[in-house]
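Given next are the chains, with one letter for each unit.
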Amino acid sequence: DGSEKPGTHNLNSTNATLDMPLVFRDPLGFDMLTAQIAWSRSGTDTELRLNNISFANSHLAGTLFGNYRTAPDSRGVIDLTGNLTRADARFAGPYIPLVVGKATRDWLDTAFLAGQSNDVALRVKGNLDDFPFPDNKGGVFQVVARITGGTLDYAESWPKIENIAGDLVFRGQRMEINARQGTILGARLAKVRAEVPDLKHHDEILHVTGEAEGPTSEFLAFIEKSPVLGMIDRFTEGMRAQGGGKLALKLEIPLRARARSRVAGTYQFINNQIVADADLPPVEQVNGRLEFTESAVHVPNATGIFLGGPVSIAAATQRDAAVRLNLEGRVNIDNLRRSAGSPAWAHRLRGAADWRGTFVLRNKLADLAIESNLQGIASDLPAPFVKTAAEAVPLRYERKFTGPQQDQVSFSYGEIVSAQFARSIEGGRSLIRRGTLRFGGAAAEPQRDGVWVSGALKGFDLDRWLALIQPGTGQLPLEVVGLDVRIGEFTALNRRFHEVALSGTAQGGGWQST
């Protein structure tokens, strides 16, 4: 029985509702609620002793015990211990006291998409005026929930963390999620931590840190499916990789202004094979570190094997927001020739030479330039490409985008030959629409459809060039529609011709002399 005198009250209720508008945002419903409450008065103070409180609903089940004592000019003093034997992390939000900032409570409403706990410990002790007792000053506030099967949607547009096994902890004014294990897009995670350092601050900030180890393809998928892709101007879009590596990630997300989120991460490539561009062969045995933030990309010094020899790669975001890669390497023709799928013409080359290149990504489009003096490489290709290893002949290849699906490629080999091609990109393939190729001078800007060949050569052996066409292709690599070439000595069908002029245009499936 209850009265103003010392006494006890036993409660045994079903479908009970606990309405504490100064503590919780909404009334809390319970399918079952039992309790033994004893009280006593001393002067103006009242003490409540809470014994054998047991409760359950579809979200949780557990017990509480402790005491509460009123005190003049304060909210009172509490000493409470509780344990939950069942809890669903998806519904943590309604049970969080209003003293916790609204943004954090709103975040908890949607953060956990899955997660269960059969071990939750609660401890509250101290004067409630000092709640939640920052740094344990003046009291203790601690909730520790051991969660399994958790799925954390920590921020909009970021890949979810799944298969979480770890702890959700409220301690003082801090909230922490410490995951001993988990996965993100299939990659294994370790040392994952999400925290709000100050639950009472008006601008709550969520910090997320974590490490992952797994295939590089999963790391590229993480970037593609997160805001990082846009932050780094789609730097990794289209990359393909084989091999593994390690990711370290830090996020800082203001819960009331998520557009001001900040990110810092590193990815360590370990013996990867990477295809960075469809126009280039893969880079083998890549080792290095990619660093990224919400506004910049940095590769301090990556190494690999490219074109049969070593290559070093450095990259950084420029002032105009473009990302520039500088590459330096040494092409080794002998190694390249031994690789699978090497073209027939490569067997006419010997030696090695230094080269350098740049790769500039701007507005989601990548321009490329590679050059070398070819000193150190000997060529037994037919004229005009025969050379000794000691000779230096400048070679340059350049690609510039002229539109989202259009680019222009230029090529020059000393003063011997140059070319310019305007291409369109359809279905991932590059198609030459217009082109000029000139022997003995600079190729003009292509104006007409098709490839037009002009210029002058000292000698040209058609028989030897035809022998270099890959077996089974049966066609030249370029669709030539116009010729205007003078050749000092022309070899064809095992016969030699002198002072030959070739001019004509392709019409109706045949050629017409001009």
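### A look at the overall build of the protein chain
The helix and strand tally for the protein chain stands at five helices and 29 strands. A compact globule built from 514 residues would reach a C-alpha radius of gyration of about 24 Å, whereas the protein chain, at 36 Å, exceeds it by more than 25%. Taken along the three principal axes of its C-alpha coordinates, the protein chain extends 125 × 45 × 40 Å. Counting all 514 residues of the protein chain, 41% fall into the buried class. For the protein chain, the accessible surface area stands at approximately 27300 Å², while carbon and sulfur atoms represent 52% of it. Of the charged side chains in the protein chain, 57 are positive and 57 negative, and the gap between their average positions amounts to 3 Å.

### Comments concerning the pairing of strand β22 (residues 395–403)
Two elements, strand β20 (residues 365–372) and β22, share five bridges in a ladder whose sense is antiparallel. Within the sheet, the bridge partner assigned to E371 lies in β22 and is R396. Bridge count between β22 and strand β23 (residues 406–413): eight bridges; the pairing is antiparallel. Residue pairing across strands places R396 opposite S412, the latter belonging to β23. Where β22 folds back on β23, the antiparallel hairpin that results is connected by two residues.

### Let's talk about helix α1 (residues 102–111)
Where α1 is concerned, the buried positions are A103, T104, R105, W107, L108 and A111. The inward-facing, buried residues of α1 abut β6 (112–117), β8 (139–152), β9 (161–171), β10 (174–184), β11 (187–196) and β12 (205–215).

### A short note on the pattern of salt bridges
All chains considered together, the criterion is met by 27 salt bridges. A salt bridge links D79 to R123; the nearest nitrogen and oxygen atoms lie 2.5 Å apart. Of this pair, D79 sits in strand β5 (residues 77–88) while R123 is found in strand β7 (residues 120–127), placing the two residues 44 residues apart along the sequence. Overall, R123 belongs to the partly exposed group, its relative accessible area being 28%. Where R256 meets E204, a salt bridge forms, and the shortest distance between an N and an O atom there is 2.7 Å. Of this pair, R256 sits in the loop between β13 (240–254) and β14 (262–275) while E204 sits in the loop between β11 and β12, placing them 52 residues apart in sequence. A relative accessible area of 0% places E204 in the buried class. Because the salt bridges share partners, they merge into one network encompassing R171, R174, E176, R193 and E195.

### Considering the environment of I305
In this structure, I305 sits in strand β16 (residues 297–306). Put simply, I305 and P282 are 23 residues apart on the chain and 8.8 Å apart in space, counted from C-alpha to C-alpha. Beyond its immediate chain neighbours, meaning those up to four positions away, I305 contacts P282, V283, E284, Q285, P310 and V311.

### Digging into the nonpolar core
In terms of nonpolar packing, the biggest core is built from 116 residues, with W107, L152, Y154, F170 and L206 touching the most fellow members. If near-sequence neighbours (up to four positions away) are discounted, L206 is found in contact with W107, Y154, A194, E195, V196, L251, E252, I253 and L255.

### Overview of the packing of aromatic side chains
Enumeration according to the criterion identifies 12 aromatic pairs in this entry. Taking the centre distance of 3.9 Å and the plane angle of 10° together, the rings of F219 and Y267 count as stacked. Taken together, the positions of F219 in helix α2 (residues 216–224) and Y267 in strand β14 put the pair 48 residues apart, joining distant regions of the chain. Comparing F219 with Y267, the two get one shared label, buried. When the centroid spacing of 5.0 Å and the interplanar angle of 80° are considered together, the rings of Y267 and F269 count as edge-to-face. Accessibility assignment for this pair places Y267 and F269 in one class, buried. By the ring-pair criterion, three or more aromatic residues cluster together here, those being F385, Y413, F460, W465 and F490. Sitting above the plane of the W452 ring, R448 keeps its charged end 3.6 Å from the centroid.

### A short note on the side chain of N57
One can find N57 in the loop between β3 (45–56) and β4 (60–69). Given a relative accessible area of 6%, N57 falls into the buried group. A polar atom in the side chain of N57 sits 2.8 Å from the backbone oxygen of G29. The residues touching N57, leaving out its near neighbours within four places in the chain, are G29, F30, D31, R86 and Y95.

### As for the environment of L189
Along the polypeptide, L189 turns up in strand β11. Once the C-alpha coordinates of L189 and K5 are considered, the two residues, 184 residues apart in sequence, prove to be 58 Å apart. If near-sequence neighbours (up to four positions away) are discounted, L189 is found in contact with I161, R180, Q181, G182, T183, I184, E211 and A212.

About the thresholds
Residues numbered from 1 in each chain as written. Predicted model: local features only at pLDDT ≥ 70, side-chain atom pairs only at ≥ 80, totals over all residues. Heavy atoms only, no water. Helix = DSSP H or I, 4+ residues; strand = E, 2+ residues; numbered from the N terminus. Rg over C-alpha atoms; globule rule 2.2 N^0.38 Å. Buried < 20%, exposed > 50% of the residue type's maximum accessible area, 1.4 Å probe, protein only. Areas by Shrake-Rupley, 256 points an atom, 1.4 Å probe, with all protein chains shown as cover. Lys, Arg positive; Asp, Glu negative; His and termini not counted. Charge placed at Lys NZ, Arg CZ, Asp CG, Glu CD. Pairing = 2+ DSSP bridges. Contact = heavy atoms within 4.5 Å. Salt bridge = Lys/Arg side-chain N within 4 Å of Asp/Glu carboxyl O. Core = buried A, V, L, I, M, F, W, Y, C linked by side-chain atoms within 4.5 Å. Phe/Tyr/Trp six-rings, centres within 6.5 Å; stacked < 30°, edge-to-face > 60°. Lys NZ or Arg CZ within 6 Å of the ring centre and 35° of its normal. Polar contact = N/O pair within 3.5 Å; in protein donor to acceptor, adjacent residues only side chain to side chain.

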